[in-house]
Amino acid sequence: MSQEALLSTTADRSVRMTVRGPIVADELFNSYQLTVSPNGRALTTYNGYLDRVVDQVRLGNNVPAYEAFVFALDRAGLASGSEYGDERDDIRGVCANGRVYEFSILEDNKSVKTLWSATCRGANGTLDGSTSQIRELFHDQIPDADELLREIDF
């Protein structure tokens, strides 16, 4: 079911990666979100736990580009893993000194499936796919994404 949702290219579909940095003082906390749909791509950087927008890039997209992207995500294992419906899905407080990656397959901006992984030892997450490969695929959807992300301190 989630693989089918991932590979769908209808206009109401999208995928999202949300990344948060270490758990620190509000003024020092940073995160970002990258969302891709058949019609658009967006990268938003945030500061603080209330998600104050620091910067945002919005670009168009098309169905063939989105299809190539989601098929690559599928091969990297984005739909691999399980949501448990219990505390294993809760990322609050997880990986306090590192990064947490949350990957969502969306329909009408509602999660069909959300999986996570983290950089900290012992924070196994629910994603069975390749975090680094999936992260790079998302970053590659926004020209100069890595340059934009240098603006926020992780």
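Residues numbered from 1 in each chain as written. Predicted model: local features only at pLDDT ≥ 70, side-chain atom pairs only at ≥ 80, totals over all residues. Heavy atoms only, no water.

Novice: Lay out the side chain of Thr-114 with the relevant residues and their values.
Specialist: On the secondary structure map, Thr-114 appears in strand β6 (residues 110–118). Given the relative accessible area of 17%, Thr-114 is considered buried. Side chain to side chain, Thr-114 and Ser-111 meet in a polar contact 2.7 Å long. Excluding anything up to four places from it in sequence, Thr-114 contacts Glu-83, Glu-102, Phe-103, Ser-104 and Thr-126. (Helix = DSSP H or I, 4+ residues; strand = E, 2+ residues; numbered from the N terminus. Buried < 20%, exposed > 50% of the residue type's maximum accessible area, 1.4 Å probe, protein only. Polar contact = N/O pair within 3.5 Å; in protein donor to acceptor, adjacent residues only side chain to side chain. Contact = heavy atoms within 4.5 Å.)

Novice: Please set out the state of the cysteines residue by residue, giving values where relevant.
Specialist: Per the counting criterion, the structure on display carries 1 disulfide. The disulfide bridge from Cys-95 ends at Cys-120, spanning 2.0 Å between sulfur atoms. Looking along the S-S bond of the Cys-95-Cys-120 disulfide, the torsion reads about 80°, which is the right-handed sense. Taken as a pair, Cys-95 in the loop between α2 (63–76) and β5 (100–107) and Cys-120 in the loop between β6 and α3 (131–139) lie far apart in primary sequence, 25 residues in all. Take Cys-95: its relative accessible area is 7%, and that puts it in the buried class. (Disulfide = S-S within 2.5 Å.)

Novice: So what's going on with the sheet that holds strand β3 (residues 40–47)? Residues and values would help.
Specialist: Strand order in the open sheet formed by 6 strands is β4-β3-β2-β1-β5-β6, with antiparallel pairing between adjacent strands. Across the chains shown, the open sheet's two edge strands, defined by having one partner strand only, are β4 (52–60) and β6. Within the sheet, the average angular offset between the axes of one strand and its neighbour, ignoring direction, is 15°. Two strands pair when backbone bridges link them, and strand β1 (residues 13–20) and β5 are joined in this way by 8 bridges, in the antiparallel orientation. Each bridged residue has a counterpart across the sheet, and for Val-19 the counterpart in β5 is Tyr-101. The strands that α2 touches are β1 and β2 (30–36); relative to β1, the one it contacts most, it runs at about 55°. (Pairing = 2+ DSSP bridges. Axes fitted to C-alpha atoms, helices over the stretch in contact; angles between N-to-C directions.)

Novice: Before we move on, could you go through the pattern of salt bridges and cite the residues and values that matter?
Specialist: Scanning the model with the defined rule gives 5 salt bridges in all. Salt-bridge contacts for Asp-12 lead to Arg-13; the nearest nitrogen and oxygen are separated by 3.6 Å. For Arg-13, a relative accessible area of 13% translates into the label buried. Between Arg-150 and Glu-147 there is a salt bridge, with the nearest N and O atoms lying 2.6 Å from each other. Owing to a relative accessible area of 59%, Arg-150 belongs among the exposed residues under this scheme. (Salt bridge = Lys/Arg side-chain N within 4 Å of Asp/Glu carboxyl O.)

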